[in-house]
Amino acid sequence: MGMPDKVERVLEVPSNIFLSHLAELILRAFGRKKWCDNCFVKDDLEYNSESNSDYWIFPEEQTTEYVTLAQLLNRKGDKLPFFVKISENKGWEHHIVLNQIGTYEPEETHFV
């Protein structure tokens, strides 16, 4: 019995969520309890967490602690690849798609 080729999750998050928080939510949504290296990619730029910067120095505007989802996705259908490295030869590739743009009151934009 193999794993399915495609698994989907729907997460509703505020547009002002930092990519570092979004990465944590995605890992949790897919049952990952342990942190692992990951990065988002948009327009050939990698957005990594500061903890991934052991080997590379990323400018602040490319670290997930400073970049929000709204800075990279702003139109319905926009896509954002998210890569997770579990081990040297094993990892996941996620495709984040902006399905809907809603309006929320400030008190409603909390993390789910």
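For the structure, check the block above.
First, a word on what this report is: a plain description of the structure on this page.

The rules behind each value
- Residues numbered from 1 in each chain as written.
- Predicted model: local features only at pLDDT ≥ 70, side-chain atom pairs only at ≥ 80, totals over all residues.
- Heavy atoms only, no water.
- Helix = DSSP H or I, 4+ residues; strand = E, 2+ residues; numbered from the N terminus.
- Buried < 20%, exposed > 50% of the residue type's maximum accessible area, 1.4 Å probe, protein only.
- Contact = heavy atoms within 4.5 Å.
- Phe/Tyr/Trp six-rings, centres within 6.5 Å; stacked < 30°, edge-to-face > 60°.
- Core = buried A, V, L, I, M, F, W, Y, C linked by side-chain atoms within 4.5 Å.
- Salt bridge = Lys/Arg side-chain N within 4 Å of Asp/Glu carboxyl O.

**Considering the overall build of the protein**
Reasoning step 1: What the protein contains, in helices and strands, is two helices and four strands.
Reasoning step 2: In sequence order, the secondary structure elements of the protein are arranged as α-β-β-α-β-β.
Reasoning step 3: Across the 112 residues in the protein, those meeting the buried criterion constitute 32%.
Reasoning step 4: Restricting the contact set of the protein to residue pairs at least 6 apart, pairs at least 24 apart contribute 47%.

**Concerning the packing of aromatic side chains**
Reasoning step 1: Counted according to the given criterion, the structure contains two aromatic pairs.
Reasoning step 2: The interplanar angle of 45 degrees and the centroid separation of 6.3 Å between the aromatic rings of F30 and W92 together place this pair among those described as tilted. Remark: W92 occurs in strand β4 (residues 90–97) and F30 occurs in the loop between α1 (19–29) and β1 (37–42); sequence separation between them is 62 residues.
Reasoning step 3: Overall, the relative accessible area of 25% leaves F30 in the partly exposed class.

**Considering the nonpolar core**
Reasoning step 1: Core analysis: the biggest nonpolar cluster contains 19 residues, and L19, L22, F40, L69, L80, F82 and I96 have the highest contact counts within it.
Reasoning step 2: Looking at this core, the elements that each hand over two or more residues are α1, α2 (69–72) and β3 (79–87).
Reasoning step 3: If near-sequence neighbours (up to four positions away) are discounted, F82 is found in contact with A23, I26, N38, C39, F40, W92, E93, H94 and I96.

**A closer look at the environment of T63**
Reasoning step 1: Of note, T63 is situated in the loop between β2 (45–48) and α2.
Reasoning step 2: Linking T63 and N48, residues 15 residues apart in sequence, is a C-alpha distance of 5.0 Å.

**Re the pattern of salt bridges**
Reasoning step 1: Applying the stated criterion to the full structure yields one salt bridge.
Reasoning step 2: Here R28 makes a salt bridge to E24, at a shortest N to O gap of 2.7 Å. Residue R28 and its partner E24 are located together in helix α1, separated by four residues, close to a single helical turn.
Reasoning step 3: You can call E24 partly exposed: its relative accessible area is 32%.

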